[in-house]
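Listed here are the chains, written in short residue letters.
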Amino acid sequence: MTLATAKTRSGTSRNGRNGRNGRYGRCGRSPEGGPPREKVIDRGAWFLVLPALIPILVLSVGPLLYGITLAFTDAQSGRTEPTEWIGTLNFQDLYHDTLFWESFRIGLLWAVGVTVPQFVLALGLALLLNQRLRFRWLARALAIIPWAMPEVVVGIMWRLVYNADAGILNETIRDLGLGDGRDWLTGLATALPAVIVVGIWAGMPQTTVALLAGLQNTPDELHEAAALDGAGAWRRFRTVTWPALKPVALAITALNFIWNFNSFALVYVLTSGGPGGRTRLPMLFAYEEAFRYGQFGYAAAMGCVMVAVISVLLACYLVGRLKAEEEK
């Protein structure tokens, strides 16, 4: 074999199609001048993502953009004239609408009043279910029953519980000799607290499941080492359990606040926003403006304001998470 033949075979082995650098050679580009291998892989990834991306664009992003556009028009139901572009007039009217800002205040009270007790009770239940108890599997199954029930069913069930004449709550109060009961869902002072109790009960299982998963990821060796060092139950929770549980707690609390602020079905079934607007959440107010009074443009402006507020809260949460990750 001549030296030229050996060089030729060596070059083919190192840089050719069958060499260790593959068909694209060392520079990642095909000998024919085709696209780099990374671009080919990226195209394949986009084709794999498309089946999940198309429904999101059609069912979420598309309606969102349409709703934002609708907020700058005078769209109304039953109108024969063409819809006209009116700029920020809906937002100017909304700025001076005291009823909307009152519903916004009620929505914040509802979201905080449900989210905070929900987290505290769910944390206690998760700590209990994390212990080695008898029939723990049954307790865990029973704890998620409210989560498996549709909100409409939950609302109907609790309306029966709060019924002024034959509800189980008023019957229990009468049997205990504590009075004749109250009109819980129609009283001005009791409607919002009664609805908040239902919201806590309905949403607590999902928070419990998330916190329980975080607790089970905490190594038992850390608790055992802390106990050997003489740390009590509270100190072990503060120094071992909570630091491991904190990321999950922050995430589920932020999501719960967003979900609760956007609540609709549960409160609509219970009170329909009454009495006297005491439980009229922003979503209920926007629903009434759109489908009871036919002011689609004005209702879309309300939706834009709520989306902006939720986006700001979500951005604050993400910035806090990023700072926490950087500190680590």
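Provided above is the structure to which this section pertains.
Residues numbered from 1 in each chain as written. Predicted model: local features only at pLDDT ≥ 70, side-chain atom pairs only at ≥ 80, totals over all residues. Heavy atoms only, no water.

By size, the foremost hydrophobic cluster in this structure holds 21 residues, and its most contacted members are Trp110, Tyr162, Val198, Leu266 and Leu270. Every element with two or more residues in this core is listed here: α4 (98-129), α7 (151-161), α9 (191-216) and α12 (265-270). Broken down by element, this core gets its largest block of residues, seven residues, from α9. When sequence neighbours within four positions are dropped, the list of residues in contact with Tyr162 reads Leu169, Trp184, Leu185, Ala194, Val197 and Val198. Ala71, Phe104, Phe285 and Ile310 belong to the second largest nonpolar core, which has 20 residues in total. (Core = buried A, V, L, I, M, F, W, Y, C linked by side-chain atoms within 4.5 Å. Buried < 20%, exposed > 50% of the residue type's maximum accessible area, 1.4 Å probe, protein only. Helix = DSSP H or I, 4+ residues; strand = E, 2+ residues; numbered from the N terminus. Contact = heavy atoms within 4.5 Å.)

For the structure on display, the rule yields three salt bridges. Glu102 is the partner of Arg105 in a salt bridge, and the nearest nitrogen-oxygen pair spans 2.6 Å. Of this pair, Arg105 and Glu102 both sit in helix α4, three residues apart, which is roughly one turn of that helix. Look at Arg105 and you get partly exposed, because its relative accessible area is 42%. Note on Glu102: relative accessible area 35%, which makes it partly exposed. Where Glu171 meets Arg174, a salt bridge forms, and the shortest distance between an N and an O atom there is 3.3 Å. Of this pair, Glu171 and Arg174 both sit in helix α8 (residues 168-175), separated by three residues, roughly a single helical turn. The exposure class of Glu171 is partly exposed, given its relative accessible area of 32%. The class for Arg174 is partly exposed, based on a relative accessible area of 31%. (Salt bridge = Lys/Arg side-chain N within 4 Å of Asp/Glu carboxyl O.)

This is a description of form; function is not addressed.
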